[in-house]
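Listed below are the residues making up each chain.
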Amino acid sequence: MKVLMKGNEALAEAAIRAGCRHFFGYPITPQTELAAYMSKRMPKIGGTYLQAESEIAAVNMVLGASAAGVRAMTSSSSPGVSLKGEGISYMAGSDLPALIINVQRGGPGLGGIQPSQADYWQATKATGHGDFQILVFAPSTVQEMVDLVSDAFDLADQYRMPAMILADGMLGQMMEPVTLPEEGGKAPIEKPWAACGHGGKREHNIVNSLYLTPDKLESLVKERFARYEIIKEKEQRAEEYLTDDADVVVVAYGASSRVAKGAVNKARELGLKAGLVRPITLWPFPADALNRAASHAKALLAVEMSMGQMVDDVKLAINCQKPVHFFGRTGGMIPTPAEVLEQIKGLV
Amino acid sequence: MQTVFQKPSVLTDAPMHYCPGCTHGIVHRLVAQALEELGVEGKAVGVASVGCSVMCYDYFSCDMVQAPHGRAQAVATGLKRARPENVIFTYQGDGDLAAIGTAETVHAATRGENITVIFINNAIYGMTGGQMAPTSLPGQVTQTTPYGRDTNTAGYPVKVCELLSTLDGVALAQRVTVNNVKNVNIARKAIKKAFQNQIEGKGYSIIEVLSTCPTNWGLSPTEALKWLEENMIPYYPLGVYKDVEGGVKK
Amino acid sequence: MLFAGFGGQGVLFAGKVAAYAGLIENKEISWLPSYGPEMRGGTANCSVCISDTPIGSPLVTNPNVLVVMNLPSLDKFIDTVEPGGTVIIDSSLIDKKVEREDLNVYYVPSSALAEENELGGLSNMILVGKLFKEICTAGDHSFCTEETLDAAIQKCIPARKANMLDVNRKAVALGAQA
């Protein structure tokens, strides 16, 4: 039978079931239940829960554990994720897998503690300094939070890069029924690059992001970007809802996609041809799904809990072939289905 | 022919980039020697920090990880928690350990993290060209204290061994130097003990090595050693600051 | 449904019981609490959706049912209730009548009843009893039976607090009769 779980706790349990035994974190609302859950479970299963002195220390502990070849993760909320940017950049530059969870809250600065999607730019474009990307997943239900955790770990390992689950305070705090996966589904992949002691059996492994020769650094970055192209081709995910005949295509992810879907349903009841493209991966951005929907739509409408961050990617993905409008609330405000419906009506 | 001297196997053949008269080379050798004597090269993972010693990952033949500036002990914590059977050490300078990485240092120490920390204190930022370090002496002229370190505005040096020895998680805190044969021998024993402690699960061990930076001090190698003896050792007395025989782990 | 009151009155727990009842009946459900500093002595509320179709926004802005345990929450939410909706009020703490005439309002002196029956802190469950009697197990919106409610309560009370089961049942029964 399904169990009722908070999003934050479901993320934690899913990570454990995906084989993660090393969690390093720092308390911050609204993700703290995740760390609290880990502190309860990890000691009982021989894992590590460590409350670090800072977000910076926590992410670098993840770097160390990941360098040693184990599955490691950290979680935080917006201001804390800013601090983690350094470690994420180093992990990207060292080709290390890791899972970072951001249960977003309002910003900038200390901002607020209510749900927000104002870290889209940070997650998809500027998690840290340098030329790099990370995988970004955007669940919209507690069940999807569970499902995406193991996918995020698997793909992070496969492509040797950090992955982020970009959630928000609503998803973290809400309870929904979930089915949890069996523990230890897939066998962990070999990590011959790990710094875990060579045992006299091989050359020494170096996990490093420093390359003082420009041509060497350029070639490594280019190699990484070649990998990104493969990811863009193979790993895009989106839900396409009633888009086949939609005149107005709403584009929304995570919490705001739930609101948007409600509005699309209401629009259909009124006989308006509305549909929804819900990006599940924010990087790689699901350009294919958007182009399919945009090919026959009259207009697109990005709905976000921000001042408009994903909307630019929507325009880029469809190369501005159709008008792309925006509606958003920010600062912890959650748009209502009625507000979104009004926007749809205005575009039909 | 009889071999009377050889390079420890834990050092690679890569030519070191350190300046003439810099003591990094000696300390590298002492670390390598300790790992070799304890027979843990195959289990050792070193953490290189940001600073002159950043490229020590090329010089030690054990597995190596290069950490963000100041975060070496957080990275070491992750490595050790992931694989407690490994022997983990950090190799950090004063800017890394006692300025940008102060929080990571203090908290790894107070957690009694079972790692070995090699701390090079040369009272200056070497890699970036000779700016004031947290351990620069009062009155010391550096690129960013051109009139000498004014304690009214730039504050006082951080005495790392003294500071850390107040923490219950620290098993061993010792300050050594490598200015002469006698002191090199003391340093050799201290570094070996710091690794031995980890192997025995005793907890956090730190060896602070007073070191020279002839290039950025603007002195010849010989003058640099003399400056260290006359200025640094009086301010940073050598010795054992803390040594918990049974370790700090219950 | 929206459950609202002061932090500490058990509004989140009451909502959880309702959500579990929905889960047991294989409904689509969601439970969303207010969170943050307001949990500590301020107003607390939780949104519960129980539906036959997937739930969009879990944030209930226009509830069909409002269970309300203090005056600030009544003032804040009363105008948001859907016309024809239901309001269940702890009338021992809220000395005010609802002016809207398009709502079904039940006044239950739950805090006083809890006190009289030595069920301290279970005012919330008395209101839950009323909610299930009037809405969840009867009428247009009914979706479950009394047995479902009992099973939901069992789900919500952790094993280490099993001794609390009977008093919760007693509170629910009181509420049903109120």
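Look up: the structure comes first, before these words.
Residues numbered from 1 in each chain as written. Chains lettered and ligands numbered in written order. Predicted model: local features only at pLDDT ≥ 70, side-chain atom pairs only at ≥ 80, totals over all residues. Heavy atoms only, no water.

> Help me out: how do you make sense of the overall build of chain A in this one?
Each helix and strand in chain A was counted, giving 12 helices and 15 strands. Counting only C-alpha atoms and orienting by the principal axes, one finds that chain A spans roughly 70 × 50 × 40 Å. Here chain A displays about 12600 Å² of accessible surface, and carbon together with sulfur accounts for 53% of that area. (Helix = DSSP H or I, 4+ residues; strand = E, 2+ residues; numbered from the N terminus. Areas by Shrake-Rupley, 256 points an atom, 1.4 Å probe, with all protein chains shown as cover.)

> Just checking my understanding: could you explain unusual backbone geometry for this structure?
Most peptide bonds take the trans configuration, and most residues that are not glycine carry a negative phi. A cis amide bond links Gly107 of chain A with the next residue in sequence, Pro108 of chain A, at an omega value of 5°. Mapped onto the secondary structure, Pro108 of chain A falls in the loop between β5 (98-104) and α5 (120-124). With an omega of 5°, the peptide bond between Trp283 of chain A and Pro284 of chain A qualifies as cis. In this fold, Pro284 of chain A is placed in the loop between β13 (281-283) and α10 (287-294). For Arg160 of chain A, which is not glycine, the phi torsion reads 50° and is therefore positive. Structurally, Arg160 of chain A can be placed in the loop between α6 (142-159) and β7 (162-168). Here the phi dihedral of Asn26 of chain C falls at roughly 60°; this positive angle occurs in a residue that is not glycine. Counting through the fold element by element, Asn26 of chain C comes out in the loop between α1 (11-24) and β2 (28-33).

> Please explain the interface of chain C and chain A as it appears in this structure.
On the side of chain A, 21 residues touch chain C, which itself brings 20 residues to the contact. Taken together, the links from chain C to chain A amount to 0 salt bridges. The tally of links between chain C and chain A comes to 6 residue pairs in polar contact (both at pLDDT 80 or more). Contributions of two or more residues to the side of chain C that touches chain A are made by α1 and β2 of chain C. A breakdown of the residues in the side of chain C that touches chain A according to their chemical character gives 13 nonpolar, 5 polar and 2 charged. (Contact = heavy atoms within 4.5 Å. Salt bridge = Lys/Arg side-chain N within 4 Å of Asp/Glu carboxyl O. Polar contact = N/O pair within 3.5 Å; in protein donor to acceptor, adjacent residues only side chain to side chain. Nonpolar A, V, L, I, M, F, W, Y, C, P; charged D, E, K, R; others polar.)

> Explanation requested: the interface of chain B and chain A in the structure shown.
Interface size is commonly expressed as the accessible surface area that is lost when the partners come together. Tallying the contact residues gives 36 residues for chain B and 36 residues for chain A. In total, chain B and chain A occlude about 2600 Å² of area from one another, counting both sides; carbon and sulfur atoms represent 58% of this. At the junction of chain B with chain A, the criterion picks out 3 salt bridges. In this structure, the connection of chain B to chain A is made through 22 residue pairs in polar contact (both at pLDDT 80 or more). (Buried area = accessible area lost by both parts, 1.4 Å probe.)

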